[in-house]
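Chain residues, written in single-letter form:
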Amino acid sequence: MPEPVDLANYQFWSALAVGLVVLTPLTHPTARKVCWTALNLMFLAMLLGPKVAVVMAGLAVVTALTRGRGAFVVVAGSLALFVVHKTTPNPLLTAIGFSYIFLRALDMARAVYEGRQKAPGVCECVNYLVPFHMLAAGPIQSYDDFCRQPPVPAAPTSEDVLQGVERIAHGLFKKVILAQTLEKLFLTGFSGGDAGYWLFEAQIYYLWVYLDFSAYSDIAVGTGRLLGLHTPENFRNPLLARDIIDFWERWHISLSRFIRFNLFIPVQMTLARRTRNRSPLVIGAVAYLVSFGLCGLWHGLDSKFLVWGLYHALGLIVCKTYQDWMLQRYGRKGRKAYLANFPIRVLMTAITFEFVAISLAIIA
Amino acid sequence: MKLFLRLLWIAVRLTLAFVLIGRGGTFFYQGF
């Protein structure tokens, strides 16, 4: 039975240590790229056994050999695996966080298909799809972002190292101390009794999910900083979001970016072209429903997650309509003054917090 | 002084975290 990416085990820390020793001094672009690939495959081998690492390397070779045409193979293969992963839980696919690999594969295939990036080589395939520090829970780096990285980063300063270690410490503290304490003290799996406790638990559950999930991103970002690998930020104080649009710009930012560029904008543009943009509000609403419906199904292929996605889509539609109405009625200056009002801000933040807390309780 | 406090706070968090992990805490998000 394969083990999940468990930071209580030695694999992650060994890979980080090897990366620090091997990658940091390398200044030759190809040598660095090859070593980074070897490290990622080594991590897969430690986690899931050498066969999985060999299969991953083989897939990367096939993708590289088929050049641009491989994009379709990548999409079809990863979609099939994704459906398998979501319908019949597979310990191996769960262990490597396949849902994240699936989105990376789609992003890579689209970038290559549209000619924004060259077809990936073996190393690019492995390093983009299965970076050891982003396997557990993302972030979902875009392929464009991955390709924009300099082949050899600037030598890390002492401040870079300090910030990297600080970020890892911050993540560990959030996960192991704060999140686990909340979990042990208050979380009952929503079986704690009366409606009052259910509502209380919904608040704590939101806090717990944030601490737990963002902790992984902190560790990934810190690890990336230590190894000179660009790792996108995934959270920006989402608990302080003033509305649901703001929330999605602060929560799981890399997933929001993926949804915006690969679902929302394409759906919106297609509908606008076909209807000659006669009713932008309706087009926006449909784009929200489609993209967040699919976002829900990405989290889990069942009605519960679909409801969660549509609930967020409805929140976004109401929020966008309200923003447009405010703009028409009060103008830019009036709207800005309204939003700057402190009691209004507190009220909006509280409403957004409750909206998200209830949505998470739905899928708990 | 500021740097010392920063390092101390890093050390405290890392020590606490690894002590708890060593006592059987796991670090796996039952995610996706």
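Residues numbered from 1 in each chain as written. Chains lettered and ligands numbered in written order. Predicted model: local features only at pLDDT ≥ 70, side-chain atom pairs only at ≥ 80, totals over all residues. Heavy atoms only, no water.

### As for the overall build of chain B
Next up, step 1: A tally of helices and strands in chain B yields one helix and zero strands.
Next up, step 2: Within the span of chain B, comprising 32 residues, buried residues form 28% of the whole.
Next up, step 3: Split by element, the accessible area of chain B, about 2300 Å² in all, is 72% carbon and sulfur. (Helix = DSSP H or I, 4+ residues; strand = E, 2+ residues; numbered from the N terminus. Buried < 20%, exposed > 50% of the residue type's maximum accessible area, 1.4 Å probe, protein only. Areas by Shrake-Rupley, 256 points an atom, 1.4 Å probe, with all protein chains shown as cover.)

### Some points on the confidence of the model for chain B
Next up, step 1: Overall, the prediction assigns chain B a mean pLDDT of 78, with 72% of residues at 70 or greater.
Next up, step 2: Scored as a whole, the predicted complex attains pTM 0.89, and scored at its interfaces, ipTM 0.83. (pLDDT = per-residue confidence, 0-100.)

### Points about the side chain of Asp145 of chain A
All names here are of chain A.
Next up, step 1: Mapped onto the elements, Asp145 comes out in helix α8 (residues 143–148).
Next up, step 2: Within the buried set, Asp145 has no salt-bridge partner at all; the shortest N-O distance to an opposite charge, 4.1 Å, is to Arg148.
Next up, step 3: Within the structure, the side chain of Asp145 is placed 3.4 Å from the side chain of Gln141, a separation counted as a polar contact.
Next up, step 4: What Asp145 contacts, discounting residues up to four positions off in sequence, is His230 and Pro232. (Lys, Arg positive; Asp, Glu negative; His and termini not counted. Salt bridge = Lys/Arg side-chain N within 4 Å of Asp/Glu carboxyl O. Polar contact = N/O pair within 3.5 Å; in protein donor to acceptor, adjacent residues only side chain to side chain. Contact = heavy atoms within 4.5 Å.)

### A closer look at the packing of aromatic side chains
Residues and elements named next belong to chain A.
Next up, step 1: On inspection of all chains with the given rule, the structure shows 31 aromatic pairs over all chains.
Next up, step 2: Arranged with centres 6.3 Å apart and planes meeting at 75°, the rings of Phe213 and Trp251 form a pair that is edge-to-face. Pair noted here: Phe213 is in helix α10 (residues 195–227) and Trp251 is in the loop between α11 (244–248) and α12 (253–274), with a separation of 38 residues, a long-range link. For the pair Phe213 and Trp251, one class covers both residues: buried.
Next up, step 3: Among the aromatic residues, those joined into a cluster by ring pairs are Tyr206, Tyr210, Phe213, Phe235, Phe247, Trp248, Trp251, Phe292, Trp308 and Phe353. (Phe/Tyr/Trp six-rings, centres within 6.5 Å; stacked < 30°, edge-to-face > 60°.)

### Here's the deal with unusual backbone geometry
Residues and elements named next belong to chain A.
Next up, step 1: Its identity is not glycine, yet Phe190 carries a phi of approximately 60°, on the positive side.
Next up, step 2: Structurally, the position occupied by Phe190 is in the loop between α9 (158–186) and α10.
Next up, step 3: Judged by its relative accessible area of 18%, Phe190 falls in the buried class.
Next up, step 4: Its identity is not glycine, yet Arg276 carries a phi of approximately 55°, on the positive side.
Next up, step 5: Within the secondary structure, Arg276 is located in the loop between α12 and α13 (280–299).

### Overview of the nonpolar core
Next up, step 1: Counting 97 residues, the largest nonpolar core has Phe132 and Trp251 of chain A as the members making the most contacts within it.
Next up, step 2: Beyond its immediate chain neighbours, meaning those up to four positions away, Trp251 of chain A contacts Tyr206, Val209, Tyr210, Phe213, Asn234, Phe235, Pro238 and Ser256 of chain A. (Core = buried A, V, L, I, M, F, W, Y, C linked by side-chain atoms within 4.5 Å.)

### A closer look at the environment of Leu41 of chain A
Residue and element names in this part refer to chain A.
Next up, step 1: Relative to the assigned elements, Leu41 resides in helix α2 (residues 29–48).
Next up, step 2: Judged by relative accessible area, Leu41 falls into the buried class, the value being 18%.
Next up, step 3: Linking Leu41 and Gly196, residues 155 residues apart in sequence, is a C-alpha distance of 49 Å.

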